[in-house]
Amino acid sequence: MDSQSTDTLTKHEQILRYIESLKLGSRISVRKIAKNMEVSEGTAYRAIKEAENQGLVSTKERIGTVRVEKKLRQNIDKLTFAEVVNMVDGQVLGGSRGLHKTLHKFVIGAMEQDAMMRYIEAGSLLIVGNRNRAHICALEQGAGVLITGGFDTSTEVKVLADKLELPIISSSYDTFTIASMINRAIYDRLIKKKIMLVEDILASGAALYALKANSTLKDWQRLSEDTGYSRFPVVDEWNRIIGVVTSKDMVGASSLQTVEKLMTRSPLTVTPQTSVASAAHMMVWEGIELLPVVDTNRKMLGVLNRSDVLKAMQYIQKQPQNGETFEDLIWSGLEEVRDEKGALQFHGVITPQMTNHLGTVSEGVLTTLMTQAAYRIVQEHKKGDLVMDNMSTYFLRPLQIDSKIEIRPTIIEVSRKFGKIDVEIYHAGALVSKAMLTAQVI
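In what follows, the accompanying structure is described.

Conventions we followed
- Residues numbered from 1 in each chain as written.
- Predicted model: local features only at pLDDT ≥ 70, side-chain atom pairs only at ≥ 80, totals over all residues.
- Heavy atoms only, no water.
- Axes fitted to C-alpha atoms, helices over the stretch in contact; angles between N-to-C directions.
- Helix = DSSP H or I, 4+ residues; strand = E, 2+ residues; numbered from the N terminus.
- Parallel < 35°, antiparallel > 145°, perpendicular 65-115°, else oblique.
- Contact = heavy atoms within 4.5 Å.
- Salt bridge = Lys/Arg side-chain N within 4 Å of Asp/Glu carboxyl O.
- Buried < 20%, exposed > 50% of the residue type's maximum accessible area, 1.4 Å probe, protein only.
- Phe/Tyr/Trp six-rings, centres within 6.5 Å; stacked < 30°, edge-to-face > 60°.
- Lys NZ or Arg CZ within 6 Å of the ring centre and 35° of its normal.
- Core = buried A, V, L, I, M, F, W, Y, C linked by side-chain atoms within 4.5 Å.
- Nonpolar A, V, L, I, M, F, W, Y, C, P; charged D, E, K, R; others polar.
- Pairing = 2+ DSSP bridges.
- Arc of directions from axis to C-beta.

1. Structural notes on the packing of helix 1 (residues 11-21) against helix 2 (residues 30-37)
At their nearest, the axes of helix 1 and helix 2 sit 11 Å apart, and the two run at 110° to each other. Our classification of the angle between helix 1 and helix 2 gives roughly perpendicular. Every residue of helix 2 that contacts helix 1 at Lys11, Gln14, Ile15, Tyr18 and Ile19 is listed here: Ile33, Asn36 and Met37.

2. Section: the pattern of salt bridges
The tally for this structure, following the rule as stated, stands at 14 salt bridges. Glu13 is paired through a salt bridge with Lys299; the nearest N and O atoms lie 2.8 Å apart. Of this pair, Glu13 sits in helix 1 while Lys299 is found in the loop between strand 13 (290-294) and strand 14 (300-305), placing the two residues 286 residues apart along the sequence. Here the two residues Glu13 and Lys299 agree in accessibility, since each one is buried. A salt bridge links Lys158 to Asp152; the shortest N-O distance between them is 3.2 Å. Salt bridges linked by common partners bring Glu336, Arg338 and Glu380 together as one network.

3. Observations regarding the packing of aromatic side chains
One pass over the full model with this rule turns up 1 aromatic pair. Taken together, a centroid distance of 4.9 Å and an interplanar angle of 65° make the contact between Trp331 and Phe346 edge-to-face. Within this pair, whereas Trp331 is found in helix 14 (residues 326-331), its partner Phe346 is found in strand 16 (residues 344-349), the two being separated by 15 residues in sequence. Like Phe346, Trp331 is buried. The ring of Tyr426 has Arg408 sitting right over it, with the charged end atom 3.9 Å from the ring centre.

4. Comments concerning the nonpolar core
Within the largest apolar cluster, 28 residues are counted, with the highest numbers of intra-cluster contacts made by Leu369, Ile407 and Val423. Of all the elements in the fold, those that place two or more residues in this core are helix 14, strand 16, helix 15 (363-381), strand 18 (404-414), strand 19 (418-427) and strand 20 (430-441). In terms of residues, this core owes the most to one element, helix 15, which gives 8 residues. Residues in contact with Leu369, not counting those within four places in the same chain, are Ile330, Trp331, Leu334, Ile405 and Ile407.

5. Comments concerning the packing of helix 6 (residues 132-140) against helix 7 (residues 155-164)
In helix packing, the relevant descriptors are the interaxial angle and the interaxial distance, both defined with respect to the helix axes. The N-to-C vectors of helix 6 and helix 7 enclose an angle of 10°; their axes lie 10 Å apart at closest approach. Taken together, helix 6 and helix 7 sit at an angle that is classed as roughly parallel. Residues Asn132, His135, Ile136, Leu139 and Glu140 of helix 6 form the contact with helix 7, whose own contacting residues are Glu156, Val157, Leu160, Ala161 and Leu164. Its residues assigned to classes, the contact of helix 6 with helix 7 shows 6 nonpolar, 2 polar and 2 charged.

6. Topic: the sheet that holds strand 11 (residues 241-245)
Spatial ordering of the open sheet is given by 9-10-11-12, a layout of 4 strands whose pairing is mixed. On the outer flanks of this sheet lie strand 9 (211-212) and strand 12 (264-265), each paired with one strand and no other. Relative to strand 10 (residues 232-235), strand 9 is paired through 2 bridges, and the arrangement is parallel. Among the inter-strand pairings, Lys212 is bridged to a residue of strand 10, identified as Val235. Of the strands in this sheet, strand 9, strand 10 and strand 11 are in contact with helix 10 (residues 217-227), which crosses strand 10 at around 135°.

7. A look at the sheet that holds strand 4 (residues 91-94)
Paired through their backbone hydrogen bonds, the strands of a sheet run either parallel or antiparallel. Taken in spatial order, the 5 strands of this open sheet run 4-8-7-6-5, and their pairing is mixed. With one partner strand each, in any of the chains shown, strand 4 and strand 5 (105-108) form the two edges of the open sheet. Pairwise comparison of adjacent strand axes, ignoring direction, gives a mean angle of 25° for this sheet. Sheet topology note: the strand 6 (residues 124-128)/strand 7 (residues 144-147) ladder contains 4 bridges and is parallel. Looking across to strand 7, one finds that Leu125 is bridged to Gly144.

8. A word on helix 2
Within helix 2 the residues assigned to the buried category are Ile33, Ala34 and Met37. The buried residues of helix 2 occupy an angular sector of 100° when the element is viewed end-on, so they sit on one face. Opposite the packed face of helix 2, turned more than 90 degrees from it, sit the exposed residues Arg31 and Lys35. The elements touched by buried residues of helix 2 are helix 1 and helix 3 (41-53).

Below, the structure is given as structure tokens:
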């Protein structure tokens, strides 16, 4: 399909295009956009908020809304100074025009100034107390400054920060707390980076094939012969998804019958920010082969088919699964062992973090352990992921801190699309928890 002309764009979309065309660092406002684009202030406000959600603009303290560079997913682990300010509940003392800049590393100033300078370089952030000379040296090296303990700095430092457009930030938290908060934020970004989204597998610049509501069987046959596909989305004159048509829908149709009377209306769709796992779950659960990808206005951006999703899921399985999600932390203390018959088991110890306020292990943690054990034994027999259908769980005895446990998963049945697994947890030879899981295999 050809790219859309400006005539087919809504006012909302025209404003977004206009914002994208602005130079980085340009200041925008509701009133200015409304005047330039000849729209109401309400329309301008909604478009600016959408641009902020898309990462095209950012609202900065004492500056206003500014056009910024959209962060790519491969750089999602890198923070901007503005994000650090929000993270540590900070106050910007100077250099606010540089808040949109990306920082590359952190330096904790718990050393003599001469030694500290060896580690500071352009694009870094010095985390230090009320040491004015260190503040000046860091700014001269091209680094931002984060002052801990809620201290202020001198007028000389603030003037230099404004001149160099390098932020100097003050926070009431101590150095250890700030370092921990920033470290947690970076881990959160790494987890997000590890999750594959639809936009990661959607081919950019690829031709989009679709039918119109008034297309006929002949149009479908012609498009099918040209592309080799048999399933197509159906769009209106605004390129919005209104249905999906497949070869099954066309069986018995006359050559002049329109697609509008044969298609499946209001089809399931995903956005570029939907995770691939969610898309796979949707396709398996609903038994569909084609999943249109749309923007916030339901305009078609592309389509996913089952083979696209399965290839992506296979790629995910081959990647290193390091992270700091709760599941990762709960499972990290268990080791994989084999009994005398070669059956897979998992051994570990109940840690303090796994317990509830009564000092016994949390039921949620036990459920997670049994679910993870089921996933792993299925993957040993059949490469693929599970989409949970049902789980019946029984908690028979409480478990104390430091209790040694054995998790024994057993496959009852597994086929190409379905699996049934029994999981038992033992302590000192006694059964303490048991679950029966049924799931679909992707």
